[in-house]
Amino acid sequence: MSAVDGNLFAQVEARADPAAPFIESDDGRSFTYSDLFALSARYARALGAAGVRPGDRVAGQLEKSPEAYVLWLAVARMGAAWLPLNTAYQPAEVEYFLRDAEPAVLVCDPAHLDERRALARACGVGEVLTLGADGRGTLADRAQAEPAEFATVARAADDLAAILYTSGTTGRSKGAMLTHRNLLQNGDAIARAWGFGRGDALLHALPLFHTHGLFISANCALLTGSWMLFQRRFDVDRLVDAMPRATVVMGVPTFYTRLLDCPRFDRAACRTVRLFVSGSAPLLAETSRQFAERSGQVPLERYGMTEAVVITTNPLRGERRAGSVGQPVEGVELRIADPDDRPLPRGQTGMIQIRGPAVMKGYWRNPEKTAEEFAPGGWFRTGDLGVQSEDGYVSIVGRAKDLVISGGYNVYPKEIELAIDALPGVVESAVIGVPHRDLGEAVTAVVVRRDPALTEADVVRALKEQLASYKVPKRVHFAAELPRNAMGKVLKSKLRETYGGG
Ligand code: MLC
Ligand code: AMP
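Presented here is a report on the structure given in the accompanying data block. (Residues numbered from 1 in each chain as written. Chains lettered and ligands numbered in written order. Predicted model: local features only at pLDDT ≥ 70, side-chain atom pairs only at ≥ 80, totals over all residues. Heavy atoms only, no water.)

Brief notes about the packing of aromatic side chains
Next, step 1: Enumeration according to the criterion identifies 17 aromatic pairs in this entry.
Next, step 2: Between Y89 and F97 the ring centres are 5.2 Å apart and the planes differ by 35°, which places this aromatic pair in the tilted class.
Next, step 3: On the basis of relative accessibility, which here comes to 8%, the residue Y89 falls in the buried class.
Next, step 4: What makes F97 buried here is its relative accessible area of 4%.
Next, step 5: Ring geometry for Y96 versus Y165: centroids 6.5 Å apart, planes at 80°, classification edge-to-face. Taken together, the residues Y96 in helix α4 (residues 91-101) and Y165 in strand β7 (residues 160-166) connect sequence positions 69 residues apart. (Phe/Tyr/Trp six-rings, centres within 6.5 Å; stacked < 30°, edge-to-face > 60°. Buried < 20%, exposed > 50% of the residue type's maximum accessible area, 1.4 Å probe, protein only. Helix = DSSP H or I, 4+ residues; strand = E, 2+ residues; numbered from the N terminus.)

Some remarks on the site of ligand 1
Next, step 1: In the neighbourhood of ligand 1, 24 residues make up the surrounding shell, with S280, R302, S406, K464 and S469 lying closest.
Next, step 2: The contact in question runs from an oxygen atom of ligand 1 to an N or O atom on the side chain of R302, over 2.5 Å.
Next, step 3: Side-chain polar atom of S406 to a nitrogen atom of ligand 1: 2.6 Å apart, as the coordinates give it.
Next, step 4: In isolation ligand 1 offers 1000 Å² of accessible surface; the protein chains occlude 75% of this area.
Next, step 5: Of all elements in the fold, only α8 (211-222), α10 (253-260) and β13 (300-305) reach the threshold of two or more residues within the shell around ligand 1.
Next, step 6: Tallied by class, residues from the shell around ligand 1 come to 9 nonpolar, 10 polar and 5 charged. (Near = heavy atom within 4 Å. Polar contact = N/O pair within 3.5 Å; in protein donor to acceptor, adjacent residues only side chain to side chain. Areas by Shrake-Rupley, 256 points an atom, 1.4 Å probe, with all protein chains shown as cover. Nonpolar A, V, L, I, M, F, W, Y, C, P; charged D, E, K, R; others polar.)

Description of the environment of K489
Next, step 1: Turning to its location among the elements, K489 is positioned in the loop between β26 (475-478) and α15 (492-499).
Next, step 2: Owing to a relative accessible area of 57%, K489 belongs among the exposed residues under this scheme.
Next, step 3: Apart from residues lying up to four places away in sequence, K489 is in contact with P483 and R484. (Contact = heavy atoms within 4.5 Å.)

A look at the site of ligand 2
Next, step 1: The immediate surroundings of ligand 2 are formed by 15 residues, with R302, T306, D384, K401 and N410 found nearest.
Next, step 2: Within the backbone of R302, an N or O atom sits 2.7 Å from a nitrogen atom of ligand 2.
Next, step 3: At a separation of 2.8 Å, an oxygen atom of ligand 2 approaches a polar side-chain atom of N410.
Next, step 4: In the complex, the protein chains occlude 91% of the 500 Å² of accessible area that ligand 2 would expose alone.
Next, step 5: Top element by residues in the shell around ligand 2 is β13. It accounts for 5 residues.

Printed below as a string of structure tokens:
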């Protein structure tokens, strides 16, 4: 592969039919691939004029829109790395990412300009530009004045395309460095595995700031020259309304439980859809069964991770096994290992470890953490506990990492516990996930208070000021003390038993 071919965008240019549809948004705007080429050229030029050079980072905290998606591709095209930020992040959370990644430019929603500009200045970010959900803003204004051609910057396959932050068990987020090769190899592998081709229309209702919406689903369309119907946010009625125009739907398990709760969703509503894919969190076997009964199609469950994109998938043709995440995707080597990183035979439970061309390059400016997460031989420790059957199907049976997955969003208890412990009137806290019908797991806090007047509402209010609201506990319980083992470690399993029944 020559250097220029290493750029993901060069592949899109080589493969797509410029006249073919690319994205249609739910407010009725449509873009062809030729619009993508022109708009990304203008954005790349405008960013270049704002000081962005190949190798720099560009951060974006943006509402979902076709333009926001084109912006990520413009950043890749110009050889810089895209740093997407959840729109729910509060200023204190954004500040951490800006200081750590040192982006040359931050692009934000026009409504947040003043606040973000002050923050960016304090963090040494060169410039703040805006882009709204309607595609308007200072970036759009500057881009308008630029020519619609741009020579895609040559990149080696190992160069960075994006940095996606994932929280850690220590409470501090780490930036997973994803290269052009990671995205291209995995994107091609899953597009093939899921049978993507030019006739496909992907109904896309996921956010654009995590790997599921930004890469896993969108890359299938992007790399095969097919098109996407963008919905700004997930709304079950709107999803059902748009379904007759779609051939593929991808979502987190909450999408599927909500579709089951929607009486209008039936076989007729999804007659054009050839494939439903679920990932990011466990799909209950019961949900899968009910969904198959209602729609006539077994959802295809797959397993992925920010650090490695898609790891395993159930097959397009062949048995989609409920409760299993399927087999390793093309290019992924997978083993189940014991705590000393020794491979275990099939049928035994251990840590899922992987290696291959889609595993990230490492954590941004964090060689210690990178070294910690890789076992000898280059095996990445996923932190997920699994078992592989004789015929190669992987089932996830637990997590070695202390993590709650709520509606597909990862919440690291340590981060929430640190925030609660710092509140006045609190002695200590423990955060757990408890089963929740809609979200899979719900974030729940158990707090030991010094001040008996402290209420659940006080804790929730204080946390909402500092944390994205999906991280804020749905329930706060007060306890006289936390259960601990002989080593003094909080027994979270005991807390889950006590508080998880509801
Ligand atoms: C929203 N809220 C949540 C929540 N989503 N609370 C807990 N968990 C969630 N997932 C809260 C909001 O903070 C808000 O709280 C209230 O619910 C209403 O917000 P909303 O935006 O109207 O919610 P809704 O539209 O119902 O969102 C639910 C959802 C969304 C399932 C559509 O969470 C979602 O899009 N999830 C997908 C996440 C995702 O893309 N994950 C992929 C990660 S990548 P309040 O208090 O302010 O009212 C990955 C790797 C892989 O995991 O393999 O894919
Ligand atoms: P993230 O760090 O946000 O990329 O989330 C990755 C984690 O999501 C994985 O390590 C798993 O714990 C979990 N995950 C993703 N897909 C599945 C799935 N299909 N079933 C169970 N867990 C999943």
